[in-house]
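Descriptive analysis of the structure
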Amino acid sequence: MNFPMYSNESDIRSAAEQIRDGRVVVFPTETVYGLGANALDPRAVEAIFEVKSRPTDNPLIVHLATPDEIGRVAIDVSPTAHRLLAEFSPGPLTIVLPASRDLPRVVTAGLETVAVRIPAHPVAQGLIRASGVPVAAPSANRSGEPSPTTAAMARRSLGAAPAAYLDGGPCEIGLESTVIAVSGDEVHILRPGAVTEADILAILPDVTVHAGSVAGTEATAAASPGTRHRHYEPKGEVILYNDVDRLREFLQQAGQTVRHGIIGPADDLMGWPGVVRSYVDLREYARNLYAWFDEFDQSGVSIVFAYLPDGSGFATALRDRLIRASGGRRIGRRGTIEEQ
Ligand code: AMP
Ligand code: MG
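Residues numbered from 1 in each chain as written. Chains lettered and ligands numbered in written order. Predicted model: local features only at pLDDT ≥ 70, side-chain atom pairs only at ≥ 80, totals over all residues. Heavy atoms only, no water.

**Focus: the overall build of the protein**
Broken down by element type, the protein carries 11 helices and 16 strands. Relative to the compact-globule value of 20 Å for 340 residues, the protein shows a C-alpha radius of gyration of 20 Å, a close match. When the backbone C-alpha atoms are referred to their principal axes, the protein occupies close to 60 × 50 × 35 Å. Per-residue burial over the protein gives 54% buried out of 340 residues. (Helix = DSSP H or I, 4+ residues; strand = E, 2+ residues; numbered from the N terminus. Rg over C-alpha atoms; globule rule 2.2 N^0.38 Å. Buried < 20%, exposed > 50% of the residue type's maximum accessible area, 1.4 Å probe, protein only.)

Below, the structure written as structure tokens:
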């Protein structure tokens, strides 16, 4: 049997040493794998952008071990922001705050604000604590590709460039964190994730939450620069569908000339031939989405038909990533491919 070889304490200690020495390392979080470096060392942070070929106008998230350390990277943390951090940390919530003067501006892409998160994954926690510095980290993939949710996916994308890889097994959530900005009593969701609008309102019923639209409006793009860029796209073309009968008709008309893969609800896809990945609930869909894209890419699938779920809450984050990955292409009512 094949047992996974997860990183142990001595692996974590030596990766932390690499971070202190100004190098970049791959590490697991509960959302996706990150490519981390010392946020206080501008040269180390530049290396993140180089390794990923990330546009330098796309700011990084800074990771801390506890909310108590927030003063190392941010200032003027409002009571509302404090409350949300206290409530959802450690976890998949990133808050945009006014940046401390000491924070190198390469981290924030020149902005006067910094995005901060306290990840819950024990390996991420161990790495940040052992390195003793705030860790700037985007997802551990080359820019534009889907985020890695296993160490093997990160390695396929980044190869030998990082100084170390920590393995914490498959990520539990599988989608990037919720990013919010707080001003006064208003919370703007800049990127939907596992912490939902309802979760925020349950803690702070008196705030107004602006959800933004799925896959980014102009306003969202301006406030959260990263949402402008191409994102989450596998090598195969992604086409969305929301009706399995329409998918069946589409495939019958198209013939079986292209290698395709299908992702959808288990009930719909029972007994389907071919390359099929199915899920029972949306958490399972999210947890596996990027790994399934990766598997399809590796098996030479050139079109991925992915089910677009309805609904709000957690479904919003999944819809956002699916719409970005597909560029909005979907099988429409007339059985043809429509651009959204
Ligand atoms: P990634 O690291 O690729 O998961 O992306 C980080 C996300 O956080 C991107 O969508 C960024 O635009 C967003 N972000 C990071 N810093 C800021 C900031 N200071 N203000 C607004 N959004 C930010
Ligand atoms: Mg990313």
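**A closer look at the pairing of strand β11 (residues 237-241)**
Successive side chains on a regular strand alternate, one facing one side of the sheet and the next facing the other. For β11, the tally of buried residues reaches 4 of 5 residues, placing the bulk of the element in the interior. With 5 bridges connecting them, β11 and strand β14 (residues 303-307) associate as parallel partners. Each bridged residue has a counterpart across the sheet, and for valine 238 the counterpart in β14 is valine 304. (Pairing = 2+ DSSP bridges.)

**What about the confidence of the model for the protein?**
When pLDDT is averaged across the protein, the result is 93; 92% of the residues are at 70 or more. Throughout residues 216-222 the model reports pLDDT below 50, and contacts reaching past four residues in sequence, or to other chains, amount to 8 contacts. (pLDDT = per-residue confidence, 0-100. Contact = heavy atoms within 4.5 Å.)

**Topic: the pattern of salt bridges**
Counted by the stated rule, this structure contains 12 salt bridges. The partner of arginine 83 in a salt bridge is glutamate 87, with the nearest N and O atoms 3.7 Å apart. Of this pair, arginine 83 and glutamate 87 both sit in helix α3 (residues 79-88), 4 residues apart, which is roughly one turn of the helix. Note on arginine 83: relative accessible area 37%, which makes it partly exposed. Of the charged contacts, one joins aspartate 320 and arginine 324 as a salt bridge, the two residues approaching to 3.3 Å between their closest N and O atoms. With aspartate 320 and arginine 324 both in helix α11 (residues 314-326) and 4 residues apart, this pair spans about one turn of that helix. One exposure class covers both aspartate 320 and arginine 324, and it is buried. Here the residues in one salt-bridge network are Glu176, Asp320, Arg321 and Arg324, joined through shared partners. (Salt bridge = Lys/Arg side-chain N within 4 Å of Asp/Glu carboxyl O.)

**Observations regarding the nonpolar core**
Judged by nonpolar contacts, the single largest core of 48 residues is most densely connected at Leu84, Ile95, Leu97, Ile180 and Ile200. Broken down by element, this core gets its largest block of residues, 5 residues, from helix α2 (residues 42-52). Apart from residues lying up to four places away in sequence, isoleucine 180 is in contact with Leu84, Leu93, Thr94, Ile95, Val96, Val187, His188, Ile189, Leu190 and Ile200. Counting residues in hydrophobic clusters, the runner-up holds 41 residues, among them Val244, Val301, Val304 and Leu322. (Core = buried A, V, L, I, M, F, W, Y, C linked by side-chain atoms within 4.5 Å.)

**A word on helix α5 (residues 151-158)**
Along α5, the residues classified as buried are Ala151, Met153, Ala154, Ser157 and Leu158. Across the axial projection of α5, the buried residues extend over an arc of 160°, all falling on one side. Turning to α5, the residues buried within the fold contact β1 (25-27), β2 (34-38), α2, β7 (164-165) and α10 (282-298). Two residues or fewer past α5, glycine 159 is found with a positive phi of approximately 60°. (Arc of directions from axis to C-beta.)

**Some details on the side chain of serine 157**
Tracing the chain through its elements places serine 157 in helix α5. Apart from the residues within four sequence positions on either side, serine 157 is in contact with Ala140, Asn141, Arg142 and Glu145.

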